[in-house]
Amino acid sequence: RYLLIFFLLIFFSFPAYAHAEQFFVNKDFDAQGRETIKADPKITGDNAHFFADEAYLAILPENEILRLISVISDLSREFDEVIYPGLRKVFGEENNPGIDGDKRISVVLHNMKSGVGGYVREADFNSGKMSNGREMIYLNIQEVLNTEFGPSFLAHEFQHLITYNEKTIKRNAREDQWLNEARSEYAPTLLGYNEDYKNSYLSKRVNEFLAHPSDALLDWRGRSVDHASASMFVHYLVDRYGEDILTNMMQSERVGAESIASFDEIFRDWITTVYINSTINDEDGVFKYKNPNLSFGKFACFAIQHR
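This section reports on the structure supplied with the text. Sequence order sets the numbering: in each chain, residues are counted from 1 along the sequence as written. For a predicted model such as this one, the threshold for reporting local features is a pLDDT of at least 70, and the threshold for listing and counting side-chain atom pairs is 80 or more; totals across whole chains, interfaces and linings nevertheless cover every residue. Excluded from the side-chain calculation are hydrogens and water; included are all heavy atoms of the structure.

**Describing the packing of helix α6 (residues 177-190) against helix α8 (residues 224-241)**
Part 1 of the reasoning: Running from N to C, α6 and α8 point in directions that differ by 70°, and their axes come no closer than 8 Å. Here α8 runs roughly perpendicular to α6, going by the angle between their axes. Handedness of the α6/α8 crossing: right-handed. Contacts from W178, E181, A182, E185, Y186 and T189 of α6 reach α8 at H227, A230, S231, F233, V234, H235 and V238.
Part 2 of the reasoning: Think of it as three bins: nonpolar holds Ala, Val, Leu, Ile, Met, Phe, Trp, Tyr, Cys and Pro, charged holds Asp, Glu, Lys and Arg, and polar takes everything else, Gly as well. Looking at the contact of α6 with α8, its residues break down into 7 nonpolar, 4 polar and 2 charged. Only C-alpha atoms enter the line fits that serve as axes; for helices the fit covers just the stretch in contact. Angles between N-to-C directions range over 0 to 180 degrees. Secondary structure follows DSSP: runs of H or I at least 4 residues long count as helices, runs of E at least 2 residues long count as strands, and numbering of each begins at the N terminus. By the definition adopted for this analysis, an angle is roughly parallel if under 35 degrees, roughly antiparallel if over 145, roughly perpendicular if from 65 to 115, and oblique otherwise. Left-handed describes a crossing whose near helix is turned anticlockwise from the far helix by less than a right angle; the clockwise case is right-handed. The contact definition used throughout considers only heavy atoms, calling two residues in contact when any of these lie within 4.5 Å.

See the structure below:
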């Protein structure tokens, strides 16, 4: 540990060795409304380069910068060992080596507005005036530094990169936003990040859904409650049919509801399930979640309304 700290101190004593790069970012998500930022390269793993917002680093005390480097290092290792192989096994592959010819994706951590965990920009996947010209993910640097959600947010956004390749590039099909987000909402559960339910990513979505259970699944507006509805649906879908249904929809030429067999029937059963989430231990289990973190005691609109 002391050797690591020594090298980090040397690194920060000679900033000339860290060559900041300029990136386009989404001004609607950036905390200062910036369209471009400079970000310093921090960690390069087997499958991703990680960059940190230079302006944000400038206001951090040295001990917090060292902590951030440690957090990013852990996140890089988690991406290589868990997120990258785990999501590719179920969802498919990202465009690799991609538009920039680099087998690694780029992950830029910058200061974002409260409530934003991360995002991707499709403009980056093509050459153009506002493109960064690489496969990229953007994460909220404050969330990564100060919460446990960093791996969940990274998994969520990486699924979007896979969808772009599997659907848009390979099959010339543009996925419906609600289903694209639904798969990303399931990614943390797929990787085991929601097993410790209290204060988990899934727990947050459950609470958002219970506050607005009538939100329309297919009416995507990009709000937190829309993500919550998509999350509750996809968790029911996988509970009922297994992870293969995720793989099958990714390999389908169809998009949205049409890529899910018997969608209308499943949707009706799900609506019933969110209200009763049956405690009966029947074999079919049509009207209940099998995920123990979504049992009746934790998730049932009927129970909330009648307490």
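**A look at empty space enclosed by the protein**
Part 1 of the reasoning: Computed over the protein atoms alone on a 1 Å grid, cavities are sets of points where a 1.4 Å probe fits but cannot get out and pockets are open sets with protein on both sides within 12 Å along at least five of seven lines; a residue lines them when it has an atom within 4 Å of a point. Grid points are joined across faces, edges and corners, and a volume is the space filled by probe spheres set on the points. Counted by the stated rule, this structure contains 1 cavity of 30 Å³ or more.
Part 2 of the reasoning: If you add up the space inside the largest cavity, you get close to 30 Å³.
Part 3 of the reasoning: Forming the boundary of the largest cavity are E94, N95, F125, E135, L161, Y164 and N165.
Part 4 of the reasoning: Grouping the constituent residues of the lining of the largest cavity by class yields 3 nonpolar, 2 polar and 2 charged.

**So, the nonpolar core**
Part 1 of the reasoning: Only buried Ala, Val, Leu, Ile, Met, Phe, Trp, Tyr and Cys residues count toward a nonpolar core, and they belong to the same one when joined by side-chain atoms within 4.5 Å. Burial here depends on accessible area, computed with a 1.4 Å probe over protein chains only, as a share of the maximum for the residue type. Under 20% is buried, over 50% is exposed, and the range in between is partly exposed. Residues L87, F158 and I260 are the most contacted members of the largest nonpolar core, which totals 69 residues.
Part 2 of the reasoning: In terms of residue count, helix α3 (residues 62-91) provides more of this core than any other element does, 10 residues in total.
Part 3 of the reasoning: Beyond its immediate chain neighbours, meaning those up to four positions away, I260 contacts W178, L179, F233, L237, I245, M249 and I266.
Part 4 of the reasoning: Of all hydrophobic cores here, the second largest spans 11 residues; its members include F23, F51, M136 and Y138.

**Considerations on helix α5 (residues 150-171)**
Part 1 of the reasoning: Here α5 contains 22 residues, and its C-alpha end-to-end distance of 31 Å stays within 8% of the 32 Å for a straight helix at 1.5 Å per residue.
Part 2 of the reasoning: The seven residues ending at a residue and the seven starting there each receive a fitted axis; the angle between those axes is the bend at that residue. The largest bend along α5 measures about 25° and falls at Y164.
Part 3 of the reasoning: With 18 of 22 residues buried, α5 is to be regarded as a mostly interior element.
Part 4 of the reasoning: In the segment just after α5, N172 is the residue with positive phi, at about 50°. One fewer than the residue count of a helix, multiplied by 1.5 Å, yields its expected span.

**Considerations on the layout of surface pockets**
Part 1 of the reasoning: In this structure, the largest pocket spans a volume of roughly 790 Å³.
Part 2 of the reasoning: Around the largest pocket sit 32 residues that line it, and G118, Y119, E157, E181 and H227 are the ones nearest its centre.
Part 3 of the reasoning: For the lining of the largest pocket, the elements supplying multiple residues, two or more each, are β5 (118-119), α5, α6, α7 (201-211) and α8.
Part 4 of the reasoning: Residue composition of the lining of the largest pocket, by class: 10 nonpolar, 13 polar and 9 charged.
Part 5 of the reasoning: In this structure, the second largest pocket encloses a volume near 400 Å³.
Part 6 of the reasoning: Together, 19 residues line the second largest pocket, and T147, E148, F149, G150 and P151 are the ones closest to its centre.
Part 7 of the reasoning: Elements that contribute at least two residues to the lining of the second largest pocket include exactly α3, α4 (141-146) and α5.
Part 8 of the reasoning: When residues in the lining of the second largest pocket are grouped by element, the largest group, 4 residues, is from α3.

**A closer look at the pairing of strand β4 (residues 105-110)**
Taken residue by residue, a regular strand's side chains alternate between the two faces of the sheet.
Part 1 of the reasoning: Taking burial as the measure, the 6 residues of β4 include 6 buried ones, the bulk of the element.
Part 2 of the reasoning: Going residue by residue along β4, you find I105, V107 and L109 tucked away on one face and S106, V108 and H110 tucked away on the opposite face as well.
Part 3 of the reasoning: Here, any two strands with at least 2 DSSP bridges between them count as paired. When strand β3 (residues 48-53) meets β4, the two strands line up parallel, connected through 5 bridges. Across the sheet, the residue bridging to A52 is L109, located in β4.

**Structural notes on the packing of aromatic side chains**
Part 1 of the reasoning: Side-chain rings of Phe, Tyr and Trp, where Trp is taken by its six-membered ring, are said to pair if the distance between their centres is within 6.5 Å; with planes under 30 degrees apart they count as stacked, over 60 as edge-to-face, and otherwise as tilted. Counted under the stated rule, the structure contains 20 aromatic pairs.
Part 2 of the reasoning: Relative to F263, the ring of W178 has its centre 5.9 Å away and its plane inclined at 50°; by these criteria the two rings are tilted. Here F263 lies in helix α10 (residues 263-276) and W178 lies in helix α6, a separation of 85 residues in the sequence.
Part 3 of the reasoning: Judged by relative accessible area, which is 4%, W178 ranks as buried.
Part 4 of the reasoning: Site record: aromatic cluster; members linked through ring pairs are W178, F209, F233, Y236, F263, F267, W270, Y289 and F299.

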